[in-house]
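# Overview (structure and organization)
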Amino acid sequence: MSNVSYYLKWLKIKEQIQNTLAEDERLQELASAFVGIKPQGTAVEIVARVYCKFCELYNNLCDCYDQMEQVQRRPYIRKLIDAISCRILELKSTLEEVEVFEFTYPDNALLQLIMVPQDIEILCPFHYPFEMRQEEMQYIANQILAGNRLGDPTPTPSEIERREQEKLEEEERLREEKEAEIKRKLAMGEEIVSIPESEHLSAEELEELRFQQEYTGHILNIQRMERSRFTVRERTHIFNKDNDLYLELAGLKKPPASEELRIKAASLIQNIYRRFMEIKRENIKNNMRKDKLNMIIPSWLPPSAKEQLKNVKEIRRNFRYKYYENWVQENFKESSRALKLREGDIMEDISTEIRQWFHDWYNQVRIFDEFPFPEEGGSILIVKGETFTIDEYIEWRTEEEKRLKAEGGAQKTKEQIKAEKLAAREEEKRLKLEAKIREEKRLLDYKKARLNPDNDPGVYISVGENANQVHEAWNEYQNQWKDLDTRDASLDVMRGYIKSLIIENVYQDLQFKLRPIVDELMRLELNMLKNSLKIDYQAAGIAKPPQSRKRKKPKKVKPPKPDKVSPAAMFQALVDEGIIKKYPHTTFDDYWGDRNYAAADTRAILWTPNFPPPCLGDVKEQVRLRCVLTLGSDCPNSVRTQLFVGPKGSGKKTLIYAVATETNSILIDLSPMNVYDKFPGPKNLKTMFTYINRISRLMQPSIILVDNADKIFCKKVAKEDRSFDPKRLQRDFFKEIIKPINPSEDKILILGTATEPWLAKNAQMYKVFPSIILMPRTDYSSISYILTKTLMQYHGINREFNVHCVAQVLRGYDIHTIRKAIETLLDGTRIAQLYHKPLQPEEITNAVVGFEGAVYTDLVAYDMYKQWYESYSPWGKKYIDYMQMLDSQLAYKLKADKKKK
């Protein structure tokens, strides 16, 4: 797409933003008016419509932010993205409350909006992996994880000499091994391929070299096989020719068949071959027709448009970066020019503005207000009108005089002030307790009212706290760009930068830079004016002149203490101990699974709704929201810990690796089986926590993985686990890792996994992991999808292979087992036989059932997870209450219908 296309797209997105905000305002009006909505399905659709619109808007904004080459508009779009992220999480929470279930299904709202589930699938924005971590920190991480050592102390001369000696010995050993390998190849007659030296190559060059060597190896194998095939064919031809000549000379060769018989045989072969080719052509034509109608899945797919689009987007990013560099240079030039030419004028303007404030106070009330402290922002508060106004001062002074008159002019003692504060605290506690009791009573009355369908008040929607944040971000953009975003805009509005905006921003930044200097001078001037005013009052015979209200001095923000250990040294130490490690490159596309498309309809049935279990695709969408979107957001109330619970092999770690890969996060492994022997001793354990806290913030985004988290909080340590001391982190984990996280600033996630959660202490584990994601048992639709996607990669497999019967049989087997069993079954020999011996469904079932290490979860075993979930998660209690309400409403309904009859 061109710059004009993206600009026109942006104008459409602006209209979409206005429509979405208008619908969100109507939703907020319903929530503020405390309107109950009936039935439940209607409430779900109302909230889901706004949720779907925000999700689609979020994806469009992320695409524009990534590809737009107008560098001055991008910061405003980023603010919109951050605000909408918080609103999406809030709407998701509201939707969960309305549906009374963690997995939400807005399919009916999608039908109304003429959308598909893929339109609201939250994508990982491009700026997540590349705009969150500082370049210096990224360099440290890349170098250390590539095997290069950083942060080590400077070696002594003897250490340098020892290392050089070891290096020479290693080079000599490698040279001898190379010479021995060459001699062996010469002796065996193998081809000697020269391999370039790889000692001083980078990680990318080593990877490229590995691919080249692998490619060369495949070429050599093909050449060997072709030469062998040609030799065998020639030898067989010569042998048959010599054998035929020998039999003819010896008189042992059979006489040829009669002419009539040969003609009949040739005619039969021709007829069969013609019919065979006719059937083959019909099959080819039929397959081509089905392929055009997307009725079958071909084994080979052309390079996807998605990959081509990635390359085009990367080119546009390079152009955008060049525009950004030009913009930075122009900003620097304009800043230097403005500072040189207009510094004095700007300082004089600020001084005049503050002096006018002095004059207003003196002329109206004959005193001077307190000057704002530097920690508050200084005189910028005066410009914004956030200081004590004259009218507020007059009102305060009147009340203060009344209070002093009522007290008889006597000053309160310290004991009286202390007693008043204590009484105020007690009164505040009492009011909070009364409010809590009233809220509990209201909820109890609400639950009772919902038991009878005639008295059911309906579903109440909670008021959004983050809706105003979106409006503020949008209004801020409109104030700056409303007059610039026109259909016939100039080229600098579409790409590059606008010179006039640079000048405005430079003068604004220069004002912020010079204002603290002017503030110090104005404070001195204010003190002189106050002293002169005091002398005037004393000359007039007023011993105690009136005073303005004292400003409360804010606490000074202490600068962070410098680290005793450098970030490189801390990162290197954690890598050496195996706490920070590389993880497999995994994306969400590698986690295969289908959605539950019937859940929205079955849950919306009025009196007898059905609640089918979620599918694997639903879990993936839940992870996108709770992990990927939460990690990049700065919402103060976002949950930064998630516990993945499910049977072994259900894909818990695959999803965690996908989150880390999509967000380019550093993975810190605090699994009990990984850290039991790391940093031994209480003092070293404290050092480990210090390193982890510092590195996770310096290198953010960061993910702290706690595999088998249930073992940390286990009720009783199993005999086989006692040597690993799994409870080592139990006491300090919350205090040292969870508590210091600030959701508004820290891009950190704590992700845990649990296979046997019922063996853990729920209270302690819930304190660390209040939010869980229960992995579902593999279902029919997901297994059908996986079998189709796996088998259709093989050319010899029938395009209409019946995967449905296999999926029914394999329900409960983990995805990893199914994929590995198919790969093992379809080896080279079996693939060669597919043409004349088609694959049968029972072969796949036997391969999966007989696969070594196969994991099968039956319904009884999975019920243990569901029962634990209902006892651990608050959603379990809510779900039980909701089902009781539905049973009660149905009983009332049946009773009323019986009376009518």
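What you see is a predicted model; the values in this text were computed from it and never measured.

A separate point is the overall build of the chain. Tallying secondary structure elements over the chain gives 32 helices and five strands in all. Out of the 901 residues in the chain, the part that is buried amounts to 39%. Considering only contacts within the chain whose residues lie at least 6 apart along the sequence, 82% involve residues at least 24 apart. As displayed, the chain offers around 54,300 Å² of accessible surface, 56% of which is attributable to carbon and sulfur atoms. Computed over 142 positive and 138 negative side-chain charges, the inter-centroid distance for the chain is 4 Å.

Mapping Arg603 onto the fold places it in helix α18 (residues 599-603). A distance of 2.9 Å separates a polar side-chain atom of Arg603 from the backbone oxygen of Glu99.

To continue, consider a negative patch on the surface. Residues Asp391, Glu392, Glu395 and Glu399 make up a contiguous surface patch of negative charge. By the element assignment, Glu392 lies in helix α12 (residues 390-406).

Here we come to the pattern of salt bridges. What the rule picks out here adds up to 51 salt bridges. The partner of Glu99 in a salt bridge is Arg603, with the nearest N and O atoms 3.0 Å apart. Of this pair, Glu99 sits in helix α3 (residues 74-99) while Arg603 sits in helix α18; the two residues are 504 residues apart in sequence, bridging distant segments of the chain. Close ionic contact of Lys877 with Asp881 constitutes a salt bridge, the shortest N to O distance being 3.0 Å. Residue Lys877 and its partner Asp881 are located together in helix α32 (residues 874-900), separated by four residues, close to a single helical turn. The class of Asp881 is partly exposed, set by a relative accessible area of 23%. A cluster of three or more residues bridged by salt bridges with shared partners is formed by Glu23, Arg26, Arg49 and Lys53.

Further remarks concern a positive patch on the surface. Positive charge collects at one region of the surface, where Lys418, Lys421, Arg425, Lys429, Lys552 and Lys555 lie side by side. Mapped onto the secondary structure, Arg425 falls in helix α13 (residues 414-450).

Here we take up the packing of helix α17 (residues 567-576) against helix α22 (residues 682-698). Two elements in contact, α17 and α22, have axes whose closest approach is 10 Å; the angle formed by their N-to-C orientations is 115°. When the interaxial angle is binned, α17 and α22 end up roughly perpendicular. The handedness of the crossing between α17 and α22 is left-handed. Note on element contacts: α22 touches α17 through Tyr691, Ile692, Arg694, Ile695 and Leu698, opposite Pro567, Met570, Phe571, Ala573 and Leu574. By residue class, the composition of the contact of α17 with α22 is nine nonpolar, no polar and one charged.

Looking now at the confidence of the model for the chain. Interpretation of this model should avoid reading the predicted coordinates in detail wherever pLDDT is low. Confidence along the chain averages 83 in pLDDT terms, with 95% of residues attaining 70 or more. Here helix α5 (residues 127-130) stands out as the element of the chain with the lowest mean pLDDT, 61, in contrast to helix α9 (residues 259-292), whose mean of 91 is the highest.

Residues Tyr215, Ile219 and Ile222 make up a contiguous nonpolar surface patch of roughly 300 Å² in combined accessible area. If you trace the backbone, Tyr215 turns up in helix α8 (residues 203-250).

On to the nonpolar core, then. Trp10, Ile17, Phe54, Leu61 and Ile88 are the most contacted members of the largest nonpolar core, which totals 58 residues. Of all the elements in the fold, those that place two or more residues in this core are α1 (3-32), α2 (40-67), α3, α4 (107-113), α14 (467-481), α15 (491-494) and α19 (616-632). Top contributing element to this core by residue count: α2, with 15 residues. Met137, Ile144, Ile579 and Ile580 belong to the second-largest nonpolar core, a separate cluster that totals 49 residues.

Within strand β1 (residues 641-645), five of the five residues are buried, which leaves it mostly tucked inside the rest of the structure. Both faces of β1 are covered, namely the face carrying Thr641, Leu643 and Val645 and the face carrying Gln642 and Phe644. Examined bridge by bridge, β1 and strand β4 (residues 748-754) share five bridges and lie parallel to one another. By the bridge assignment for β4, Thr641 is matched with Ile750. Pairing of β1 with strand β5 (residues 772-774) involves three bridges; the strand directions are parallel. Each bridged residue has a counterpart across the sheet, and for Phe644 the counterpart in β5 is Ile773.

With the rule as written, the count across this model stands at 25 aromatic pairs. With a centroid separation of 6.0 Å and an interplanar angle of 75°, the aromatic rings of Tyr76 and Tyr477 are classed as edge-to-face. Note that Tyr76 is positioned in helix α3 and Tyr477 in helix α14, a separation of 401 residues in sequence. Residue class for Tyr477 comes out buried when judged on its relative accessible area of 0%. Measuring from centroid to centroid gives 5.8 Å for Trp474 and Tyr477, while their planes differ by 15°, and the two rings are stacked. On the criterion of helical spacing, the pair formed by Trp474 and Tyr477 is a turn pair, its members being three residues apart in helix α14. By relative accessible area, Trp474 is classed as buried at 6%. Three or more aromatic residues link up through ring pairs in this structure, and these residues are Trp10, Tyr76, Trp474, Tyr477 and Trp481. Positioned over the ring face of Trp875 is Lys878, at 4.3 Å from the centre of the ring.

This paragraph deals with the environment of Lys432. Looking at the element boundaries, Lys432 is found in helix α13. The exposure class of Lys432 is exposed, given its relative accessible area of 56%. Linking Lys432 and Thr824, residues 392 residues apart in sequence, is a C-alpha distance of 65 Å.

It is worth spelling out the sheet that holds β5 at this point. Read from one edge to the other, the open sheet built from five strands follows the order β2-β3-β4-β1-β5, with strand pairing classed as parallel. Strands at the two margins of the open sheet, each flanked by one partner only, are β2 (666-669) and β5. For this sheet the average axis-to-axis angle between neighbouring strands, irrespective of direction, equals 25°. Relative to β4, strand β3 (residues 702-706) is paired through five bridges, and the arrangement is parallel.

Right, let's talk about the state of the cysteines for a bit. Going through the model one piece at a time under the given rule, you end up with one disulfide. Between the sulfur atoms of Cys86 and its disulfide partner Cys635 the distance amounts to 2.1 Å. What sets the handedness of the Cys86 and Cys635 disulfide is the S-S torsion sign, and at about -115° it is left-handed. Taken together, the residues Cys86 in helix α3 and Cys635 in the loop between α19 and β1 connect sequence positions 549 residues apart.

To continue, consider the pairing of β2. Side chains Ile666 and Ile668 project from β2 onto one buried face, and the interleaved Leu667 and Asp669 project onto a second face that is buried too. Pairing of β2 with β3, which is carried by four bridges, proceeds in the parallel orientation. When the bridges of β3 are listed, Ile666 appears paired with Ser702.

Definitions and cut-offs
Residues numbered from 1 in each chain as written. Predicted model: local features only at pLDDT ≥ 70, side-chain atom pairs only at ≥ 80, totals over all residues. Heavy atoms only, no water. Helix = DSSP H or I, 4+ residues; strand = E, 2+ residues; numbered from the N terminus. Buried < 20%, exposed > 50% of the residue type's maximum accessible area, 1.4 Å probe, protein only. Contact = heavy atoms within 4.5 Å. Areas by Shrake-Rupley, 256 points an atom, 1.4 Å probe, with all protein chains shown as cover. Lys, Arg positive; Asp, Glu negative; His and termini not counted. Charge placed at Lys NZ, Arg CZ, Asp CG, Glu CD. Polar contact = N/O pair within 3.5 Å; in protein donor to acceptor, adjacent residues only side chain to side chain. Patch = residues over 30% accessible without salt bridge, like charges linked within 9 Å, V, L, I, M, F, W, Y side chains within 5 Å. Salt bridge = Lys/Arg side-chain N within 4 Å of Asp/Glu carboxyl O. Axes fitted to C-alpha atoms, helices over the stretch in contact; angles between N-to-C directions. Parallel < 35°, antiparallel > 145°, perpendicular 65-115°, else oblique. Left-handed = near helix turned anticlockwise from the far one by under 90°. Nonpolar A, V, L, I, M, F, W, Y, C, P; charged D, E, K, R; others polar. pLDDT = per-residue confidence, 0-100. Core = buried A, V, L, I, M, F, W, Y, C linked by side-chain atoms within 4.5 Å. Pairing = 2+ DSSP bridges. Phe/Tyr/Trp six-rings, centres within 6.5 Å; stacked < 30°, edge-to-face > 60°. Lys NZ or Arg CZ within 6 Å of the ring centre and 35° of its normal. Disulfide = S-S within 2.5 Å.

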